[in-house]
Amino acid sequence: MQNLQNFHILYINLDSRSDRRRHMENQLEKLNLLNRIDKQTHRISGVIGNKLKDEEYLTKIAKEFNINIEKMCCDYWFSRKNFKTMSRNKERIMGQVGCYLGHLRAINYAIQHKLSPVVILEDDCTFLNKKQISFPKVPSDAEIFYLGGLFWHQTRTPRPIPKNSHWLKIDTEYLKLPCAFAYGFNNIITLENTATLLTSVWMDGKGRDKPDDWRSGEERIRATALDFMFLNFIQRTGNAYIISDVKAVQSDYFMSDVTDVGKKTPKKPYKHSYFYS
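Residues numbered from 1 in each chain as written. Predicted model: local features only at pLDDT ≥ 70, side-chain atom pairs only at ≥ 80, totals over all residues. Heavy atoms only, no water.

**Observations regarding the packing of helix α5 (residues 188–199) against helix α6 (residues 226–237)**
Defined as follows: Note on definitions: angles span 0 to 180 degrees between N-to-C directions of axes, and those axes are lines fitted to C-alpha atoms, for helices only across the stretch in contact. Helix and strand assignments come from DSSP, with helices taken as H or I runs of at least 4 residues and strands as E runs of at least 2, each series counted from the N terminus. For classification purposes, an angle smaller than 35 degrees is called roughly parallel, one larger than 145 roughly antiparallel, one from 65 to 115 roughly perpendicular, and anything else oblique. It is the rotation of the near helix from the far one that decides the hand of a crossing: anticlockwise by less than a right angle makes it left-handed, clockwise makes it right-handed. Note on contacts: a residue pair is in contact if any heavy atoms of the two residues lie within 4.5 Å. Three residue categories are used. Nonpolar comprises Ala, Val, Leu, Ile, Met, Phe, Trp, Tyr, Cys and Pro, charged comprises Asp, Glu, Lys and Arg, and polar comprises the others, including Gly.
Contact pair α5 / α6: the axes reach a minimum separation of 11 Å and the direction vectors enclose 110°. It follows from the interaxial angle that α5 and α6 lie roughly perpendicular. For α5 against α6, the interelement crossing comes out right-handed. Residue-level contacts link T194, L197 and L198 of α5 to L226, M229, F230, F233 and I234 of α6. Residue composition of the contact of α5 with α6, by class: seven nonpolar, one polar and no charged.

**Section: unusual backbone geometry**
Applicable threshold: Residue exposure (1.4 Å probe, protein chains only): buried if accessible area is under 20% of the type maximum, exposed if over 50%, otherwise partly exposed.
P117 follows S116 through a cis peptide bond whose omega is -5°. Among the structural elements, P117 can be located in the loop between α4 (90–112) and β4 (118–122). Note that the residue after S244, namely D245, is joined by a cis bond; omega there is 5°. Structurally, the position occupied by D245 is in the loop between β12 (240–243) and β13 (248–250). One non-glycine residue with positive phi stands out, namely C179, at about 75°. By secondary structure assignment, the location of C179 is in the loop between β10 (175–176) and β11 (182–185). The exposure class assigned to C179 is buried, which follows from its relative accessible area of 14%.

**Some points on the packing of aromatic side chains**
Our working definition: Between the rings of Phe, Tyr and Trp (Trp by its six-membered ring), a pair exists once the centres lie within 6.5 Å; its type follows the angle of the planes, with under 30 degrees stacked, over 60 edge-to-face, and the other angles tilted. Here, a charge over a ring means that NZ of Lys or CZ of Arg falls within 6 Å of the ring centre while also lying within 35 degrees of the ring normal.
All chains considered together, the criterion is met by 13 aromatic pairs. Where W77 meets F83, the ring centres are 5.6 Å apart and the plane angle is 85°; that geometry is what we call edge-to-face. Of the residues examined, F83 reaches a relative accessible area of 0% and is grouped as buried. Judged by centre distance (5.1 Å) and plane angle (70°), the rings of Y183 and F230 are edge-to-face. With a gap of 47 residues between them, Y183 in strand β11 and F230 in helix α6 connect regions that are remote in the sequence. The buried category is assigned to Y183, whose relative accessible area is 0%. On the basis of relative accessible area, F230 is assigned to the buried category, the value being 0%. Ring-pair connections join several aromatic residues into one group, and the members of that group are F65, Y76, W77, F83, Y100 and W202. Across the ring face of W152, the terminal group of K176 is positioned such that the distance to the ring centre comes to 5.6 Å.

**Things to note about the pattern of salt bridges**
Here is the rule: The working definition used for a salt bridge is a side-chain nitrogen of Lys or Arg within 4 Å of a carboxyl oxygen of Asp or Glu.
Tallied over the entire structure, the rule returns 14 salt bridges. A salt bridge links R17 to D19; the nearest nitrogen and oxygen atoms lie 2.7 Å apart. Taking the relative accessible area as the measure of exposure, D19 reaches 28% and is therefore partly exposed. In this structure, R105 and E64 form a salt bridge, with 2.6 Å as the shortest nitrogen-oxygen distance. Note that R105 is positioned in helix α4 and E64 in helix α2 (residues 55–64), a separation of 41 residues in sequence. The exposure class of E64 is partly exposed, given its relative accessible area of 40%. Each member of the salt-bridge network shares a partner with another, and the members are R20, D123 and D124.

Put into C-alpha coordinates, the structure is as follows:
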(Lines give C-alpha, C1' and ligand atoms only; values in the text may rest on other atoms or scores of the structure.)
Protein backbone atom coordinates (compact mmCIF):
# COMPACT_ATOMS: atom_id res chain seq x y z
CA MET A 1 0.00 0.00 0.00
CA GLN A 2 0.96 3.61 -0.56
CA ASN A 3 -0.32 6.82 0.97
CA LEU A 4 0.15 10.50 0.26
CA GLN A 5 3.21 10.52 2.53
CA ASN A 6 5.02 8.74 -0.32
CA PHE A 7 4.40 11.60 -2.75
CA HIS A 8 5.53 15.15 -3.26
CA ILE A 9 2.45 17.38 -3.24
CA LEU A 10 1.85 20.58 -5.19
CA TYR A 11 -1.35 22.56 -4.77
CA ILE A 12 -2.42 25.38 -7.09
CA ASN A 13 -3.94 28.46 -5.52
CA LEU A 14 -4.56 32.03 -6.71
CA ASP A 15 -2.92 34.65 -4.50
CA SER A 16 -6.32 36.32 -4.05
CA ARG A 17 -7.99 33.17 -2.70
CA SER A 18 -6.79 32.96 0.89
CA ASP A 19 -10.00 31.11 1.79
CA ARG A 20 -9.11 28.28 -0.56
CA ARG A 21 -5.54 28.26 0.70
CA ARG A 22 -6.79 27.78 4.26
CA HIS A 23 -9.09 25.00 3.02
CA MET A 24 -6.13 23.13 1.51
CA GLU A 25 -3.61 23.75 4.26
CA ASN A 26 -6.05 22.72 7.01
CA GLN A 27 -6.53 19.38 5.27
CA LEU A 28 -2.83 18.88 4.58
CA GLU A 29 -1.97 19.68 8.20
CA LYS A 30 -4.45 17.11 9.52
CA LEU A 31 -2.92 14.55 7.15
CA ASN A 32 0.59 15.43 8.41
CA LEU A 33 1.61 16.50 4.92
CA LEU A 34 3.03 19.95 5.76
CA ASN A 35 6.67 20.65 6.68
CA ARG A 36 7.94 17.21 5.76
CA ILE A 37 11.66 16.45 5.65
CA ASP A 38 11.91 13.94 2.80
CA LYS A 39 9.09 15.16 0.51
CA GLN A 40 7.96 18.59 -0.62
CA THR A 41 4.51 20.03 -0.07
CA HIS A 42 4.52 23.26 -2.00
CA ARG A 43 2.00 25.91 -2.98
CA ILE A 44 1.96 26.92 -6.67
CA SER A 45 0.68 30.43 -7.28
CA GLY A 46 -2.11 30.29 -9.87
CA VAL A 47 -2.03 32.23 -13.14
CA ILE A 48 -4.69 34.90 -13.67
CA GLY A 49 -5.74 34.44 -17.28
CA ASN A 50 -7.76 37.62 -17.50
CA LYS A 51 -4.76 39.62 -16.30
CA LEU A 52 -2.85 38.74 -19.48
CA LYS A 53 -4.36 41.87 -21.02
CA ASP A 54 -2.08 43.82 -18.66
CA GLU A 55 1.21 44.38 -20.50
CA GLU A 56 3.44 44.05 -17.43
CA TYR A 57 1.80 40.80 -16.30
CA LEU A 58 1.77 39.46 -19.87
CA THR A 59 5.49 40.13 -20.24
CA LYS A 60 6.21 38.40 -16.92
CA ILE A 61 4.23 35.26 -17.79
CA ALA A 62 5.61 35.07 -21.36
CA LYS A 63 9.15 35.29 -19.96
CA GLU A 64 8.44 32.56 -17.40
CA PHE A 65 7.30 30.13 -20.10
CA ASN A 66 9.98 31.35 -22.55
CA ILE A 67 7.34 32.30 -25.13
CA ASN A 68 7.03 35.35 -27.35
CA ILE A 69 4.45 37.83 -26.13
CA GLU A 70 2.51 37.34 -29.38
CA LYS A 71 1.88 33.71 -28.39
CA MET A 72 0.79 34.54 -24.85
CA CYS A 73 -1.50 37.51 -25.38
CA CYS A 74 -5.30 37.27 -25.18
CA ASP A 75 -5.78 37.45 -28.95
CA TYR A 76 -3.65 34.33 -29.38
CA TRP A 77 -5.91 32.37 -27.04
CA PHE A 78 -9.09 33.80 -28.54
CA SER A 79 -8.20 32.23 -31.91
CA ARG A 80 -9.75 28.78 -32.32
CA LYS A 81 -6.69 27.88 -34.39
CA ASN A 82 -4.80 27.87 -31.11
CA PHE A 83 -7.30 27.25 -28.33
CA LYS A 84 -10.44 25.23 -28.96
CA THR A 85 -13.46 26.12 -26.86
CA MET A 86 -17.20 26.26 -27.37
CA SER A 87 -17.42 29.48 -25.38
CA ARG A 88 -17.54 32.93 -26.95
CA ASN A 89 -17.23 34.59 -23.55
CA LYS A 90 -13.74 36.10 -23.48
CA GLU A 91 -13.58 36.26 -19.69
CA ARG A 92 -14.44 32.57 -19.47
CA ILE A 93 -11.90 31.66 -22.16
CA MET A 94 -9.13 33.47 -20.32
CA GLY A 95 -10.20 31.78 -17.09
CA GLN A 96 -9.57 28.45 -18.82
CA VAL A 97 -6.22 29.75 -20.07
CA GLY A 98 -5.21 30.75 -16.54
CA CYS A 99 -6.08 27.27 -15.30
CA TYR A 100 -4.09 25.71 -18.18
CA LEU A 101 -1.02 27.81 -17.40
CA GLY A 102 -1.31 27.27 -13.65
CA HIS A 103 -1.19 23.51 -14.10
CA LEU A 104 1.68 23.80 -16.57
CA ARG A 105 3.51 25.94 -14.00
CA ALA A 106 3.04 23.16 -11.44
CA ILE A 107 4.24 20.47 -13.86
CA ASN A 108 7.29 22.56 -14.80
CA TYR A 109 8.09 23.09 -11.12
CA ALA A 110 7.97 19.33 -10.53
CA ILE A 111 10.31 18.72 -13.47
CA GLN A 112 12.77 21.45 -12.48
CA HIS A 113 12.95 20.23 -8.88
CA LYS A 114 12.89 16.52 -9.82
CA LEU A 115 9.76 15.88 -7.77
CA SER A 116 8.53 12.38 -8.48
CA PRO A 117 6.28 10.74 -7.71
CA VAL A 118 4.08 13.79 -7.35
CA VAL A 119 0.42 14.60 -6.77
CA ILE A 120 -1.00 17.90 -8.07
CA LEU A 121 -4.08 19.37 -6.41
CA GLU A 122 -6.42 22.24 -7.10
CA ASP A 123 -7.38 24.30 -4.07
CA ASP A 124 -11.00 23.11 -4.02
CA CYS A 125 -9.96 19.47 -3.63
CA THR A 126 -11.58 17.84 -0.61
CA PHE A 127 -10.22 14.57 0.77
CA LEU A 128 -12.81 12.05 1.92
CA ASN A 129 -10.62 10.69 4.71
CA LYS A 130 -9.28 13.36 7.02
CA LYS A 131 -6.66 11.18 8.75
CA GLN A 132 -4.87 9.22 6.03
CA ILE A 133 -5.18 8.76 2.25
CA SER A 134 -3.93 5.29 1.34
CA PHE A 135 -4.25 3.17 -1.80
CA PRO A 136 -2.56 0.27 -3.59
CA LYS A 137 0.66 0.99 -5.47
CA VAL A 138 0.06 3.05 -8.60
CA PRO A 139 0.47 0.91 -11.77
CA SER A 140 3.99 1.23 -13.18
CA ASP A 141 2.71 2.03 -16.70
CA ALA A 142 0.47 4.90 -15.54
CA GLU A 143 1.07 8.10 -17.52
CA ILE A 144 -1.36 9.89 -15.23
CA PHE A 145 -3.39 8.73 -12.24
CA TYR A 146 -6.41 10.30 -10.60
CA LEU A 147 -7.49 10.27 -6.96
CA GLY A 148 -10.92 11.58 -7.97
CA GLY A 149 -12.81 13.26 -10.76
CA LEU A 150 -16.21 14.05 -12.23
CA PHE A 151 -17.22 10.83 -13.96
CA TRP A 152 -18.83 11.05 -17.38
CA HIS A 153 -20.19 7.63 -18.31
CA GLN A 154 -20.53 6.93 -22.03
CA THR A 155 -23.03 4.07 -21.77
CA ARG A 156 -26.38 3.68 -20.04
CA THR A 157 -25.09 0.74 -18.02
CA PRO A 158 -21.72 1.39 -16.40
CA ARG A 159 -19.22 -1.46 -16.50
CA PRO A 160 -18.96 -3.44 -13.25
CA ILE A 161 -15.77 -3.08 -11.23
CA PRO A 162 -13.60 -6.22 -11.40
CA LYS A 163 -13.22 -7.85 -8.00
CA ASN A 164 -10.03 -7.02 -6.08
CA SER A 165 -9.23 -4.25 -8.56
CA HIS A 166 -8.52 -0.87 -7.05
CA TRP A 167 -6.78 0.99 -9.88
CA LEU A 168 -9.01 1.07 -12.94
CA LYS A 169 -7.60 1.87 -16.35
CA ILE A 170 -9.77 4.49 -18.05
CA ASP A 171 -11.36 3.36 -21.31
CA THR A 172 -12.95 6.43 -22.91
CA GLU A 173 -15.46 4.30 -24.81
CA TYR A 174 -17.09 3.68 -21.43
CA LEU A 175 -15.87 6.44 -19.14
CA LYS A 176 -14.37 9.92 -19.48
CA LEU A 177 -12.96 11.86 -16.58
CA PRO A 178 -13.25 15.66 -16.76
CA CYS A 179 -11.75 17.82 -14.02
CA ALA A 180 -8.18 17.77 -12.81
CA PHE A 181 -8.39 18.60 -9.12
CA ALA A 182 -6.38 15.58 -7.84
CA TYR A 183 -4.01 13.76 -10.15
CA GLY A 184 -0.41 12.64 -10.25
CA PHE A 185 2.60 11.28 -12.08
CA ASN A 186 4.85 8.34 -11.26
CA ASN A 187 8.09 9.66 -12.71
CA ILE A 188 9.88 12.50 -14.49
CA ILE A 189 9.33 10.94 -17.94
CA THR A 190 5.54 11.12 -17.65
CA LEU A 191 5.82 14.68 -16.33
CA GLU A 192 8.00 15.67 -19.27
CA ASN A 193 5.65 14.00 -21.78
CA THR A 194 2.72 15.94 -20.30
CA ALA A 195 4.67 19.20 -20.45
CA THR A 196 5.43 18.42 -24.12
CA LEU A 197 1.72 17.95 -24.76
CA LEU A 198 0.75 21.23 -23.10
CA THR A 199 3.51 23.37 -24.64
CA SER A 200 2.96 22.09 -28.20
CA VAL A 201 0.31 24.83 -28.65
CA TRP A 202 3.19 27.31 -29.03
CA MET A 203 4.86 25.46 -31.89
CA ASP A 204 4.64 26.84 -35.42
CA GLY A 205 2.36 25.34 -38.05
CA LYS A 206 -1.20 24.07 -38.13
CA GLY A 207 -2.58 22.76 -34.86
CA ARG A 208 -3.83 19.18 -34.88
CA ASP A 209 -6.59 17.60 -32.82
CA LYS A 210 -5.45 14.01 -33.47
CA PRO A 211 -1.65 13.89 -33.60
CA ASP A 212 0.16 10.65 -34.36
CA ASP A 213 1.99 10.84 -31.04
CA TRP A 214 1.33 13.62 -28.51
CA ARG A 215 4.48 12.64 -26.61
CA SER A 216 6.90 13.29 -29.47
CA GLY A 217 7.02 17.07 -29.43
CA GLU A 218 7.10 17.00 -33.24
CA GLU A 219 3.48 18.01 -33.87
CA ARG A 220 1.66 21.17 -32.93
CA ILE A 221 -1.53 20.40 -31.03
CA ARG A 222 -4.49 22.73 -30.77
CA ALA A 223 -5.03 23.33 -27.08
CA THR A 224 -8.26 23.17 -25.12
CA ALA A 225 -9.20 23.27 -21.45
CA LEU A 226 -6.58 21.55 -19.27
CA ASP A 227 -8.77 18.65 -18.12
CA PHE A 228 -9.82 17.94 -21.70
CA MET A 229 -6.19 17.91 -22.83
CA PHE A 230 -5.70 15.07 -20.37
CA LEU A 231 -8.96 13.43 -21.49
CA ASN A 232 -8.44 13.74 -25.25
CA PHE A 233 -4.85 12.55 -25.28
CA ILE A 234 -3.62 10.77 -22.14
CA GLN A 235 -6.94 9.10 -21.28
CA ARG A 236 -7.86 8.30 -24.87
CA THR A 237 -4.53 7.07 -26.25
CA GLY A 238 -2.32 6.65 -23.19
CA ASN A 239 -2.44 4.89 -19.85
CA ALA A 240 -4.64 6.73 -17.38
CA TYR A 241 -5.93 5.23 -14.13
CA ILE A 242 -8.54 6.17 -11.54
CA ILE A 243 -8.60 4.85 -7.99
CA SER A 244 -11.75 3.04 -6.89
CA ASP A 245 -13.15 4.11 -4.62
CA VAL A 246 -12.20 7.76 -5.02
CA LYS A 247 -10.11 9.47 -2.36
CA ALA A 248 -11.06 13.08 -3.13
CA VAL A 249 -13.91 15.12 -4.55
CA GLN A 250 -14.21 18.67 -5.81
CA SER A 251 -15.78 20.87 -3.17
CA ASP A 252 -19.14 22.32 -4.15
CA TYR A 253 -18.76 24.98 -1.45
CA PHE A 254 -16.54 27.27 -3.52
CA MET A 255 -17.67 29.16 -6.59
CA SER A 256 -15.71 28.63 -9.80
CA ASP A 257 -12.62 30.75 -10.44
CA VAL A 258 -12.27 29.43 -13.99
CA THR A 259 -15.53 29.03 -15.92
CA ASP A 260 -19.14 29.84 -15.11
CA VAL A 261 -17.75 32.23 -12.51
CA GLY A 262 -20.22 32.55 -9.65
CA LYS A 263 -21.68 29.09 -10.22
CA LYS A 264 -20.98 25.87 -8.38
CA THR A 265 -19.64 22.62 -9.81
CA PRO A 266 -22.27 20.85 -11.98
CA LYS A 267 -23.28 17.35 -10.93
CA LYS A 268 -24.99 16.04 -14.09
CA PRO A 269 -24.04 14.25 -16.30
CA TYR A 270 -20.96 14.02 -14.09
CA LYS A 271 -20.76 12.13 -10.82
CA HIS A 272 -18.03 11.21 -8.36
CA SER A 273 -18.87 7.49 -8.47
CA TYR A 274 -17.38 4.94 -10.86
CA PHE A 275 -20.42 2.64 -10.61
CA TYR A 276 -23.96 3.89 -10.22
CA SER A 277 -27.41 3.21 -11.62
